[in-house]
Each structure stands twice: as structure tokens, then as C-alpha cells.
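# Observations on the three-dimensional arrangement
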Amino acid sequence: MTDDLMQDTKKDAPADQTEASRNDHNNANVPQPFPAELAELAWDYDQSLQALPDSDEEWNREYARNRARWANSVPRQWCSLCVLYKEALAPPVADLAWHPVESFWVCAACRDELFPNPADMDSFLDSQDPEYDWLVPGLLERGDRLMLTGPEGKGKSTLLRQIGVRIACGMHPFAGDQVSPVKVLFYDLENSESHFRREMRKLRLAAGERWIGANMKRVNRPQGLDFNSDGGDILNDEVSKHKPDVLIVGPLYKMIAGDPNSEEQARPVALKLDSIRTEHGCAVLLEAHSPHASNGGKRPMRPAGWSGWMRWPEFGIHIDEHGAISHWRGMRDQRDFPSMLNRGGKWPWSIGSSPRDELWARIAKECDGKLSRPSERDLEKAIGAPKTRIHRAIEEHRTEWDKFPHSG
């Protein structure tokens with residue numbers, strides 16, 4: 001948050017916390033001694049934290065109450081954060097600014113720590129990019145948002161449950177690869193416990209000896225959640241308690257009590273889901289329905305409701321009743337999603353060839369009959385897939401690749 005924005009937020013501060021409290025101390029140009037009463041207050045605050053309950057949910061709530069209580073007790077000419085964290089001397093009052101999220105005054109030093117100024121462009125470009133924080137290599141990264149749409153009763157929920165079970169048990173969702181198991185929370189807002197139990201038993205049989213039930217938690221709440229009331233906080237508490245790597249939640253229409261086309265009704269859902277994935281470091285897989293066809297036209301693949309959902313996820317995917325997978329939103333990063341799944345087999349949705357196998361088939365076709373095999377850059381231009389994906393597919397089929405003639 002910029003200094004200008006912090007200044008603007010002062011307009012929203014309570015009137016008695018603005019000019020009056022600042023004018024009383026406008027001559028404080030140097031740090032003042034730490035008063036004994038504030039030191040005692042900070043000690044009391046520290047003692048209150050040590051007495052917090054063991055339950056994560058109760059701990060979070062009690063911590064928030066204690067922090068607000070002590071912060072609001074701090075005289076307004078002092079930085080509440082410096083006082084609470086006992087970081088030595090209080091700053092000049094002229095540096096205090098209203099913090100709209102925490103709802104108390106903070107000094108420039110604490111403000112800059114919370115909202116550091118952005119680096120200049122050269123420094124930004126010279127910094128090293130972080131490594132992918134993969135949950136499923138090449139497919140799903142921590143913090144990703146995936147939105148799955150499709151017609152009613154044609155397998156969306158089944159597919160999301162199957163994906164959740166496979167990654168919790170250390171299996172790639174769409175291939176035979178072994179991956180590191182992750183923790184999954186199923187938050188079903190549509191189906192009863194009995195229905196969910198019957199469906200999960202089928203998946204447990206499919207997983208066989210690779211089943212890791214301890215990696216999976218579930219909440220069935222068929223009455224839905226109203227995110228314009230306390231629904232978002234209820235979901236956040238569950239995620240905080242279970243600490244999943246992947247949250248599978250939905251369907252979307254059970255999260256909006258009012259008009260799903262209204263931004264006022266739908267936007268709080270998007271904002272809260274973003275807050276949850278950011279705070280808890282989990283990927284979010286959200287189920288949604290597609291709109292019905294109008295005027296005799298083809299049924300859209302996009303999610304029904306607010307237009308903002310078209311921009312929200314990293315990956316917007318549609319699955320039709322035959323298992324064809326399409327992307328109604330351009331992927332923000334290239335990932336190995338399949339183009340087709342088949343119904344039936346050991347799993348409800350059978351896993352065909354992996355996306356990299358499909359990509360390899362296109363590479364082999366491009367190389368076939370040529371006097372010299374193309375470079376990875378040439379293949380990138382010809383096929384339209386990123387060079388990194390092409391390289392991975394070639395490495396997985398190195399023996400076959402080496403059989404194609406090459407000029408080097």
C-alpha cells in the first residue's frame with residue numbers, strides 16, 4: 001500500500017482519532033521515552049498471548065480479540081504495533097497513519113514494513129524468479145485457482161473428487177506418474193454425508209493399496225454458505241483448522257444467496273477465496289455450472305453468473321458429458337491438462353494418455369519424414385506449445401527422439 005493510499009484512508013478513521021490527537025503532539029520531533037504504563041500494557045498483552053487456548057480455531061479468535069483490545073487501549077499518539085511488540089521507543093506522532101485493516105494507528109517504520117515501497121523496474125527485472133511451488137509437477141502449483149464447469153449431473157463433482165483422492169494418495173490426476181501426496185479438504189456444499197460417503201467408497205476401492213485416508217478431510221454442508229453473511233469466515237475457519245494443500249469447494253451457486261449475476265453478491269466470494277488461498281497457501285479447485293443455452297444456441301462453457309468469474313481463475317476448464325476438456329479461459333501458465341477423459345474403467349473417469357504423451361505424438365508427427373529433426377525452438381513455433389513442455393516431453397521419450405535424424 002502506498003503512502004498516498006495510507007493518507008487517503010485517514011478519511012475513514014474515527015473523527016476523534018484524526019487532527020485532535022495529532023495536534024496535541026505536533027511538536028514531538030524526536031522519539032519519546034517509553035512510558036511505564038505502556039510497558040505494563042505490553043507486558044499484559046504478552047501474558048494474554050501465553051494464556052491462549054490450544055484449539056487452532058479458538059486460538060485465532062482469542063488472539064484477534066486480545067490484539068484488538070490492547071491496541072485500542074494504546075494512547076492515540078503512540079504506534080500500537082511498536083507498543084504491542086515492544087520495539088523500544090515510540091516514533092514522532094507526525095509519522096502516525098491510520099491502518100484501515102488493523103483499525104489502529106501505526107508509525108512510518110511499521111507501515112513501511114507492512115507495505116514496503118515497490119522496487120524500481122531495473123531492480124525488479126534483475127531479481128531472481130522464485131521456483132515453482134508445485135503440488136503436482138507441471139500441473140498444479142500452490143495458490144493456483146482452477147474453476148471447473150460443465151452441465152448438471154455429468155461428472156464435474158465426480159472428477160473433482162477423483163482428482164482430490166489421487167493427489168492425496170500420491171498419484172498424478174491425469175497420468176500414471178507418482179507424485180508427493182498432499183493434504184486435501186473436500187468442502188461439499190451440495191451433497192449429503194450419505195451420498196458423499198457412497199461416492200468416496202468407490203474411489204477408495206479404485207485407489208487400493210495406495211489409499212491414504214489421513215490426507216483427506218471433508219465437510220458436507222448441503223445448505224450452502226452465504227458469503228455476504230458469515231459464510232466466508234466459516235469456510236476460513238475450516239481451512240485454518242485442517243490446513244489443506246488443496247481446497248476443493250462448491251458448487252458456486254451454493255455460495256451466493258442473492259442474484260448470482262450481481263457483482264455485489266458474487267465479488268465477496270471471489271475476494272474471500274483469494275484471501276483464503278493467500279493466507280493458508282492452498283490451491284483452490286472450484287466447481288461451477290455453465291449457463292443454459294439461449295435462443296436455440298450452443299450451451300456456453302463459461303461459468304454461470306457474474307462476468308468477473310471469467311477473469312478470476314488461473315485455469316478455467318470445461319468438461320462435457322463425453323469427457324472432452326476445453327479451456328474457456330486462456331491459461332495464465334502452460335500446464336499439462338489432458339484434452340480428453342473417458343468414462344468408466346477402474347476410476348469413474350479413466351485416465352488415458354498423459355498430456356505429455358499427447359504432446360509427444362504431435363512432436364513425432366512434426367519430425368516424421370524430415371531429413372533433420374527440428375530444434376525445440378522450431379517445434380515451439382510449429383506446435384504452439386511452450387519450449388519447456390516440449391523439452392520435458394522429449395526427455396521422457398529420449399530413446400525415440402534419438403532415432404530421428406539430426407544434423408549435429
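A brief report on the enclosed structure follows. All of these numbers come straight from a predicted model, not from anything done at the bench. (Residues numbered from 1 in each chain as written. Predicted model: local features only at pLDDT ≥ 70, side-chain atom pairs only at ≥ 80, totals over all residues. Heavy atoms only, no water.)

Let us look at the overall build of the chain. Along the backbone of the chain there are 15 helices and 13 strands. Here the chain holds 408 residues, and the buried ones make up 45% of them. Entry remark: accessible area of the chain is about 21,600 Å², with carbon and sulfur atoms responsible for 48%. (Helix = DSSP H or I, 4+ residues; strand = E, 2+ residues; numbered from the N terminus. Buried < 20%, exposed > 50% of the residue type's maximum accessible area, 1.4 Å probe, protein only. Areas by Shrake-Rupley, 256 points an atom, 1.4 Å probe, with all protein chains shown as cover.)

What follows is about the nonpolar core. Core analysis: the largest hydrophobic core is formed by 37 residues, its most contacted members being Leu159, Val165, Val184, Phe186, Val246 and Leu285. Elements with a contribution of two residues or more to this core: strand 3 (134-136), strand 5 (145-149), helix 8 (156-168), strand 6 (184-188), helix 9 (193-207), strand 8 (246-250), strand 9 (283-287) and strand 10 (315-319). Val165 has contacts with Phe186, Met200, Leu203, Trp211, Met216 and Trp347, leaving out every residue within four places of it along the chain. Grouped together as the second largest cluster of nonpolar side chains are 27 residues, Leu225, Val239, Ala270 and Val284 included. (Core = buried A, V, L, I, M, F, W, Y, C linked by side-chain atoms within 4.5 Å. Contact = heavy atoms within 4.5 Å.)

Another point: helix 9. For helix 9, with 15 residues, the first-to-last C-alpha span of 21 Å sits near the 21 Å given by 1.5 Å per residue. Buried within helix 9 are the following residues: Phe196, Glu199, Met200, Leu203, Ala206 and Ala207. Viewed along the axis of helix 9, the buried residues span an arc of 100°, placing them on a single side of the element. Tucked inside the fold, the buried residues of helix 9 contact helix 8, strand 6 and strand 7 (216-220). Gly208 lies just past helix 9 and shows a positive phi near 60°. (Expected span 1.5 Å × (residues − 1). Arc of directions from axis to C-beta.)

Here we come to the sheet that holds strand 11 (residues 325-329). If you trace the 7 strands from one edge of the open sheet to the other, you get 7-6-8-9-5-10-11, paired in mixed fashion. Strands with a single pairing partner mark the edges of an open sheet, and in this sheet they are strand 7 and strand 11. Pairs of neighbouring strands in the sheet enclose a mean axial angle of 20°, with direction left out of account. Inspection of the sheet shows strand 10 paired to strand 11 by 4 bridges, in the antiparallel sense. Paired with Ile319 across the bridge in strand 11 is Ile325. (Pairing = 2+ DSSP bridges. Axes fitted to C-alpha atoms, helices over the stretch in contact; angles between N-to-C directions.)

The next point concerns the pattern of salt bridges. Counted under the stated rule, the structure contains 23 salt bridges. Between Glu263 and Arg267 there is a salt bridge; the shortest N-O distance is 3.8 Å. Residue Glu263 and its partner Arg267 are located together in helix 11 (residues 263-280), separated by 4 residues, close to a single helical turn. One connected set of salt bridges, linked through shared partners, spans Arg145, Asp274, Arg277, Glu314 and Arg332. (Salt bridge = Lys/Arg side-chain N within 4 Å of Asp/Glu carboxyl O.)

Turning next to empty space enclosed by the protein. Once rolled over the atoms, a probe with the size of a water molecule shows which space is left empty. Applying the stated criterion across every chain, the model contains 4 cavities of 30 Å³ or more. Considered as a void within the structure, the largest cavity measures approximately 120 Å³ in volume. If you go around the largest cavity, you meet 14 residues; those closest to its centre are Ser157, Arg161, Asp188, Ile248 and Glu287. Sorting the residues of the lining of the largest cavity by element identifies helix 8, strand 6 and strand 8 as the ones contributing at least two each. For the lining of the largest cavity, the residue count by class is 7 nonpolar, 3 polar and 4 charged. (1 Å grid on protein atoms, 1.4 Å probe; cavity = no way out; pocket = protein on both sides within 12 Å on 5 of 7 lines; lining within 4 Å. Points joined across faces, edges and corners; volume = space filled by probe spheres on them. Nonpolar A, V, L, I, M, F, W, Y, C, P; charged D, E, K, R; others polar.)

On to unusual backbone geometry, then. Each neighbour pair has its own omega, and for Gly250 with Pro251 the value is 5°, a cis peptide bond. Looking at the element boundaries, Pro251 is found in the loop between strand 8 and helix 11. We note that Lys243 has phi near 55°; this positive angle belongs to a residue other than glycine. You can see Lys243 is positioned in the loop between helix 10 (231-242) and strand 8. Judged by its relative accessible area of 48%, Lys243 is partly exposed.

All right, on to the packing of helix 8 against helix 9 then. Direction vectors running N to C along helix 8 and helix 9 enclose 50°, while the axes themselves pass 10 Å from each other. As judged from the angle between their axes, helix 8 and helix 9 are oblique. The crossing of helix 8 and helix 9 is right-handed. Facing helix 8, whose interface residues are Arg161, Gln162 and Val165, helix 9 presents His195, Phe196, Glu199, Met200 and Leu203. Split into classes, the residues belonging to the contact of helix 8 with helix 9 amount to 4 nonpolar, 2 polar and 2 charged. (Parallel < 35°, antiparallel > 145°, perpendicular 65-115°, else oblique. Left-handed = near helix turned anticlockwise from the far one by under 90°.)

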